[in-house]
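Notes for the structure review
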Amino acid sequence: MSITAAREKFGVFLVRKGLRATSQRLAIFDAAFTLEEHFTADQLLDRARKLDDSVSRATIYRTLPIMTASALLREVDIGSGEKFYRPNRDGATTQVAQVVCVDCEKIFEISAPFMEWYSSTVSSKLGLTPASQRLQVSANCDVFRQSGACPRRG
Ligand SMILES: [Zn+2]
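Residues numbered from 1 in each chain as written. Predicted model: local features only at pLDDT ≥ 70, side-chain atom pairs only at ≥ 80, totals over all residues.

1. A closer look at the domain arrangement of the protein
For the protein, the domain assignment lists domain 1 (1-91) and domain 2 (94-144). Here domain 1 and domain 2 have C-alpha centroids that lie 23 Å from each other. Contacts between domain 1 and domain 2 engage five residues on the former and five residues on the latter. (Domains from an automatic or database assignment. Contact = placed C-beta atoms within 7 Å.)

2. Focus: the nonpolar core
The biggest cluster of nonpolar side chains holds 16 residues, and the ones touching the most others in it are Ile-28, Ala-31, Ala-32, Leu-44 and Ala-48. Of all elements in the fold, only α1 (3-16), α2 (23-34), α3 (41-51) and β2 (84-87) reach the threshold of two or more residues within this core. Tallying contributions element by element places α2 first for this core, with five residues. Ignoring sequence-local partners within four residues, the contact set of Ala-32 consists of Leu-44, Met-67, Leu-73, Tyr-85 and Pro-87. (Core = buried A, V, L, I, M, F, W, Y, C linked by C-beta atoms within 7 Å. Buried ≥ 20, exposed ≤ 12 C-beta atoms within 10 Å, placed from the backbone. Helix = DSSP H or I, 4+ residues; strand = E, 2+ residues; numbered from the N terminus.)

3. Things to note about the confidence of the model for the protein
Taken over all residues, the pLDDT of the protein has a mean of 88, while the share at 70 or more is 95%. When pLDDT is averaged over each element of the protein, α3 comes out on top at 97 and helix α6 (residues 142-147) at the bottom at 77. (pLDDT = per-residue confidence, 0-100.)

4. Topic: helix α5 (residues 114-125)
The terminal C-alpha atoms of α5, which comprises 12 residues, lie 17 Å apart, in line with the 16 Å expected from a rise of 1.5 Å per residue. Looking one or two places after α5, you find Gly-127, whose phi comes out positive at around 75°. (Expected span 1.5 Å × (residues − 1).)

5. A closer look at unusual backbone geometry
Even without glycine at this site, Ala-71 takes up a positive phi of about 70°. Counting through the fold element by element, Ala-71 comes out in the loop between α4 (57-69) and β1 (73-76). Owing to 13 C-beta atoms within 10 Å, Ala-71 belongs among the partly exposed residues under this scheme.

6. A few points about the packing of α3 against α4
Across the interface, α3 lies against α4 with an axial gap of 10 Å and an inter-helix angle of 115°. Considering the relative orientation of α3 and α4, their crossing is right-handed. Note on element contacts: α4 touches α3 through Arg-57, Ile-60, Tyr-61 and Leu-64, opposite Ala-41, Leu-44, Leu-45 and Ala-48. Looking at side-chain class alone, the contact of α3 with α4 contains seven nonpolar, no polar and one charged residues. (Axes fitted to C-alpha atoms, helices over the stretch in contact; angles between N-to-C directions. Left-handed = near helix turned anticlockwise from the far one by under 90°. Nonpolar A, V, L, I, M, F, W, Y, C, P; charged D, E, K, R; others polar.)

Rendered as structure tokens:
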């Protein structure tokens, strides 16, 4: 999905929710979609301010849930206290699992379509319907295992 197509989708989503496509919201959206790695709210604020210096931290925190609800942004919680975000560039609806380096907290993502199947199988055995599922794997970088230090740290 190109950023133009994604921005258009976001615009449609805003209208449907009765929200205005303000220049700040669009700057935040553009900033999020041009960040390559997983990012935090603060990193997004830095990037968005380069596009529109009227973007405030409050606007970031109000816009993130809107973008997540639009499914154009994914929220990733690795249990470190701070949430990470990543644009859903391919518009994928399949499940994604995270593999997190325990030393530098770099997040790798892998497609995990079996997760949905697994949760519905397990739930139906209990007579339940799954609402959501997630899988996270903690791992060490190869270099970390050999030298005790992660090259990405710092
Ligand atoms: Zn690492």
